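Reading the structure
Chain by chain, the residues:
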Amino acid sequence: QVQLVESGGGLVQPGGSLRLSCTASGFTLDSYTVGWFRQAPGKEREGVASISNDDGDSYYLDSLKGRFTISRDNAKNTVYLQMNSLKPEDTAVYYCNAGTSFVTYWGQGTQVTVSS
């Protein structure tokens, strides 16, 4: 069964850190460009970061550069999103997406809440 599963979300205080994981089953993630997206209540889903499958180039939402880092561990079939210096406005459901020119998969999302 083809599946993407996110994990690592939770409640964290402002200034804290979380590392989200996106693990694939039923397919090999290293053949896909993987992206992290987030959707806050009442807002549209926005792209946060992505990492390419070929050269490993990464891209970030401009406002997040320097705080978030995307990486991949092909041996674990997993892509990570390290989030540091978290702010209340980072509160959202975070989704990962794996895609090629022909197919796209989405995970079910993981909640991140930044609050004191």
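Let me sum up the structure you'll find in this document. None of the values given here were measured: they were computed from a predicted structure.

About the thresholds
- Residues numbered from 1 in each chain as written.
- Predicted model: local features only at pLDDT ≥ 70, side-chain atom pairs only at ≥ 80, totals over all residues.
- Heavy atoms only, no water.
- Salt bridge = Lys/Arg side-chain N within 4 Å of Asp/Glu carboxyl O.
- Helix = DSSP H or I, 4+ residues; strand = E, 2+ residues; numbered from the N terminus.
- Buried < 20%, exposed > 50% of the residue type's maximum accessible area, 1.4 Å probe, protein only.
- Pairing = 2+ DSSP bridges.
- Axes fitted to C-alpha atoms, helices over the stretch in contact; angles between N-to-C directions.

Attention now goes to the pattern of salt bridges. Applying the stated criterion to the full structure yields four salt bridges. The partner of Arg38 in a salt bridge is Asp90, with the nearest N and O atoms 2.9 Å apart. Residue Arg38 is found in strand 4 (residues 33-39), and its partner Asp90 is found in the loop between strand 8 (78-83) and strand 9 (92-99); the two are separated by 52 residues along the sequence. An identical accessibility class is assigned to Arg38 and Asp90; each is buried. Across the pair Lys65 and Asp62 runs a salt bridge, and its minimum N-O distance is 3.2 Å. Looking at Asp62, the relative accessible area reads 61%, which means it is exposed.

Moving on: the sheet that holds strand 3 (residues 18-25). Pairing in this open sheet of four strands is antiparallel, and the strands run 1-3-8-7 from one edge to the other. Across the chains shown, the open sheet's two edge strands, defined by having one partner strand only, are strand 1 (3-7) and strand 7 (68-73). Between one strand axis and the next, the sheet turns through 15° on average, direction left out of account. Bridge analysis of strand 7 against strand 8 gives six bridges, and the strand direction is antiparallel. Residue pairing for strand 8: Phe68 is matched across the bridge by Met83.

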